[in-house]
Amino acid sequence: MKTRPGICHRKKQYATREAAELAAREAPFTLRAYRCALCRRFHLTSRTKGMKIPRHELDALRSGQPKG
Ligand SMILES: [Zn+2]
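These numbers were taken from a predicted model, which means no experiment stands behind them.

*Asks:* Whenever I open this one, the pairing of strand 1 (residues 32-35) confuses me. Can you help?
*Replies:* For a regular strand, the rule is simple: side chains alternate between the two faces of the sheet. Of the pairings in the sheet, the one linking strand 1 to strand 2 (residues 42-45) comprises four bridges and is antiparallel in character. From the neighbouring strand, Arg35 faces strand 2, where its bridge partner is Phe42.

Written out as structure tokens, the structure reads:
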């Protein structure tokens, strides 16, 4: 994915993918963590088209993940 300069700094940055995915879980909609080529950190995107989502994640989304 190409990331434009400028978008990077407006977005929240996460030092690790784990941190980004933890934050993504708190959101009421599906977010995906991706590594930014500009800042080398992780951002979240609501764009999921074209991204491979593991089957078990899809199942978890449909059945509803337990909070916590
Ligand atoms: Zn960035």
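Further notes follow.
*Asks:* Whenever I open this one, the pairing of strand 2 confuses me. Can you help?
*Replies:* Burial of strand 2 is two-sided: the residues Phe42 and Leu44 facing one way and the residues His43 and Thr45 facing the other way are all buried. Counting the residues in the hairpin turn of strand 1 and strand 2 gives six residues, including Arg40, whose phi is positive at 65°.

*Asks:* How do you make sense of the coordination of the zinc ion when you look at a structure like this?
*Replies:* Six octahedral donors around a metal ideally sit at 90 or 180 degrees from one another, while four tetrahedral donors ideally sit at 109.5 degrees. The protein atoms donating to the zinc ion are Cys8 (SG), Cys36 (SG), Cys39 (SG) and His43 (NE2), with metal-donor distances spanning 2.1 to 2.4 Å. Angles of 103 to 119° at the metal separate the four donor atoms of the zinc ion, which places the site in the tetrahedral class. Positions of the donor residues of the zinc ion, expressed as sequence spacing, correspond to C-x27-C-x2-C-x3-H. Its relative accessible area of 0% is what places Cys36 among the buried residues. Here His43 falls in the buried class, since its relative accessible area comes to 0%.

*Asks:* Before we go on, may I ask you to explain the environment of Glu18 in this structure?
*Replies:* Tracing the backbone shows Glu18 in helix 2 (residues 17-26). When its relative accessible area of 62% is taken as the criterion, Glu18 is described as exposed.

*Asks:* Please clarify how the nonpolar core should be interpreted in this entry.
*Replies:* Where a protein is soluble and globular, its nonpolar side chains tend to be buried together. Core analysis: the biggest nonpolar cluster contains seven residues, these being Tyr14, Ala20, Ala24, Leu31, Ala33, Phe42 and Leu44. Elements supplying a minimum of two residues to this core: helix 2 and strand 2.

*Asks:* Just to check I follow, could you spell out unusual backbone geometry for this structure?
*Replies:* Glycine aside, residues mostly have negative phi angles, and peptide bonds mostly take the trans form. At Arg40, a residue that is not glycine, the phi angle is positive and equals roughly 65°. The class of Arg40 is exposed, set by a relative accessible area of 55%.

*Asks:* Would you explain the environment of Arg47 in this entry?
*Replies:* Of note, Arg47 is situated in the loop between strand 2 and helix 3 (55-63). Among the residues examined, Arg47 registers a relative accessible area of 65% and is labelled exposed. In this structure, the C-alpha to C-alpha distance between Arg47 and Arg32, residues 15 residues apart in sequence, is 7.3 Å.

Parameters and conventions
Residues numbered from 1 in each chain as written. Predicted model: local features only at pLDDT ≥ 70, side-chain atom pairs only at ≥ 80, totals over all residues. Heavy atoms only, no water. Pairing = 2+ DSSP bridges. Helix = DSSP H or I, 4+ residues; strand = E, 2+ residues; numbered from the N terminus. Buried < 20%, exposed > 50% of the residue type's maximum accessible area, 1.4 Å probe, protein only. Donors = N, O, S within 2.8 Å, 3.2 Å for Na, K, Ca; no water. Tetrahedral: all angles 85-135°; square planar, octahedral: opposite > 155°, others 65-115°. Core = buried A, V, L, I, M, F, W, Y, C linked by side-chain atoms within 4.5 Å.

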